[in-house]
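Topology and contacts: notes
Given next are the chains, with one letter for each unit.
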Amino acid sequence: MDQGIPMVEIWRGDRLESLHCGHAVIARANGEIVEAWGAPDEVIFPRSACKMIQALPLLRSGAARAAGLGSAHLALACASHQGARLHHAKVSAWLAARGLSETDLRCGCQTPSDSAERDDLIRARRAPTQTHNNCSGKHAGFLTLAQHLKAGPEYIEIDHPVQRAAREAMQEVTGAACAEWAIDGCSAPSFATPLSGLARAMARFAAARAEDNATASAMVALREAMMAHPELVAGETRACTELMRAVPGVALKTGAEGVFTAILPSRGLGIALKITDGTTRAAEAVITRLLIRAGALDPAHPAALTRLGPIRNWRGLETGRIAAASTLD
């Protein structure tokens, strides 16, 4: 893997303590690269940063309409949520409405990241379920599509119609072959793609107009659902949620191992980035800096200062700062 260029600096006092490197691309829907840092064609696993692409077949097939899914369902289909009561209750209700249950999911059980829900489970001596999994909304979407296609229950298998549709969507919007794949944290396939292709895909979501065709209509519905329900896409204190609240009209999605994507409809731009050491804090800092660079985010907004600004210890003392490297200026 190309290690990329310096992107994020961690300072303790006046000494540089850590340095995160990576790659980033800002692109238009036609594939034009507006700006790039590092190696724009570095092939990566997008992980959860491409969930809106994986959700495209749910809408294009007519499954979402037939199931009566609303914007909250679509936001959950794109989510990497905290497993809060809000999240798992909505996923559970979605499954029940389809005559399904938590046991039909294939994402695995996950302890919720939401502290209140985690504490409630401990007090009640109950184990977390698959609906607490951060990907349970995506999997509820997969199940809904599988039902619509009258396909089998093992919807995460690489040759299942659901995953064939997901790969076709990924190849179509990125413009890349996506031949390489591996198993993601939620057990579904993750298709490798060049970072530039991922940025192009986000730009296609940004430039889409509902009246153009079925794919564009699906893209508009998904990006608007994410923007309408930032609390469902991630959760309280999470970068996706806080930054979407800070920048209305922009859809953002994090992915494991330092991946982040952004859809900027008003500018017709897509952003994709990868931090090569896989650090989430660095990915959040870079997406924040690029939103500021694009003129979409006020650098003085609290959501920006959380990701780019002072670092404080448990007593509230300022110990250093997290800053964008000069290469991003």
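Whatever comes next refers back to the structure up there.
Residues numbered from 1 in each chain as written. Predicted model: local features only at pLDDT ≥ 70, side-chain atom pairs only at ≥ 80, totals over all residues. Heavy atoms only, no water.

**What about the pattern of salt bridges?**
- Inspection of the entire model under this criterion finds 16 salt bridges.
- A salt bridge links D184 to R47; the shortest N-O distance between them is 2.6 Å. Here D184, found in the loop between β5 (181-183) and β6 (189-191), pairs with R47, found in the loop between β4 (43-44) and α1 (51-54); they are 137 residues apart in sequence, far enough to count as distant.
- Residue classification places R47 among the partly exposed positions, given a relative accessible area of 23%. (Salt bridge = Lys/Arg side-chain N within 4 Å of Asp/Glu carboxyl O. Helix = DSSP H or I, 4+ residues; strand = E, 2+ residues; numbered from the N terminus. Buried < 20%, exposed > 50% of the residue type's maximum accessible area, 1.4 Å probe, protein only.)

**Some thoughts on the pairing of strand β11 (residues 309-312)**
- Across four bridges, β11 lies against strand β12 (residues 318-324) in antiparallel orientation. Each residue of the ladder has a partner; that of I311, found in β12, is G320.
- If you look at the hairpin formed by β11 and β12, you'll find five residues sitting between the two strands, and G316 has a positive phi there, around 85 degrees. (Pairing = 2+ DSSP bridges.)

**So, the packing of aromatic side chains**
- Overall, the coordinates contain one aromatic pair when judged by the stated rule.
- Between F142 and Y155, the aromatic rings sit 5.9 Å apart at their centres with planes inclined by 50 degrees, giving tilted as the arrangement. Taken together, the positions of F142 in helix α7 (residues 136-149) and Y155 in the loop between α7 and α8 (161-174) put the pair 13 residues apart, joining distant regions of the chain.
- Overall, F142 belongs to the buried group, its relative accessible area being 3%. (Phe/Tyr/Trp six-rings, centres within 6.5 Å; stacked < 30°, edge-to-face > 60°.)

**Regarding the nonpolar core**
- Counting residues in hydrophobic clusters, the biggest one holds 101 residues, and the most contacted among them are I53, L56, L58, L252 and L273.
- Of the residues forming this core, the biggest block, eight residues, is contributed by helix α13 (residues 280-293).
- Non-local contacts of I53, meaning those with residues more than four positions away in its chain, are made with A169, M170, V173, L198, A201, M202 and F205. (Core = buried A, V, L, I, M, F, W, Y, C linked by side-chain atoms within 4.5 Å. Contact = heavy atoms within 4.5 Å.)

**Describing the packing of α8 against helix α9 (residues 195-207)**
- One way to put it is that α8 packs onto α9 with a least axis distance of 7 Å and a crossing angle of 90 degrees. By the angle between their axes, α8 is roughly perpendicular relative to α9. Between α8 and α9, the contacting residues are E172, V173 and T174 on the first element and G197, L198, R200, A201 and R204 on the second.
- Grouping the amino acids of the contact of α8 with α9 by side-chain chemistry returns three nonpolar, two polar and three charged. (Axes fitted to C-alpha atoms, helices over the stretch in contact; angles between N-to-C directions. Parallel < 35°, antiparallel > 145°, perpendicular 65-115°, else oblique. Nonpolar A, V, L, I, M, F, W, Y, C, P; charged D, E, K, R; others polar.)

**Things to note about the packing of helix α5 (residues 85-97) against α7**
- Running from N to C, α5 and α7 cross one another at 10 degrees; their axes reach a closest spacing of 10 Å. Comparing their axes, α7 and α5 come out roughly parallel. Contact with α5, carried on its side by V91, W94 and L95, involves S136, G137, A140, G141, L143 and T144 of α7 and no other residues of that element.
- For the contact of α5 with α7, a count of residues per class yields five nonpolar, four polar and no charged.

**Digging into α5**
- Look at α5: 18 Å from first C-alpha to last across 13 residues, which is about the 18 Å you get at 1.5 Å a residue.
- Those residues of α5 lying buried are H87, H88, V91, W94 and L95. The buried side chains of α5 occupy one side of the element, clustering within an arc of 120 degrees when seen end-on. Opposite the buried face of α5, by more than 90 degrees, sit the exposed residues R85, A96 and A97.
- The inward-facing, buried residues of α5 abut α4 (71-77), α6 (115-124), α7 and α11 (230-233).
- The first or second residue beyond α5 is G99, which carries a positive phi of 75 degrees. (Expected span 1.5 Å × (residues − 1). Arc of directions from axis to C-beta.)

**A word on the side chain of T261**
- Within the fold, T261 resides in strand β9 (residues 259-264).
- By relative accessible area, which is 0% here, T261 ends up buried.
- Within the structure, T261 has its side chain in polar contact with the backbone oxygen of A49 (distance 3.0 Å).
- If sequence neighbours within four positions are ignored, T261 has contacts with A49, M52, L198, M202, A251, L252, K253, I271 and A272. (Polar contact = N/O pair within 3.5 Å; in protein donor to acceptor, adjacent residues only side chain to side chain.)

Note that every value here comes from positions in space, so none of it alone points to a role or purpose.
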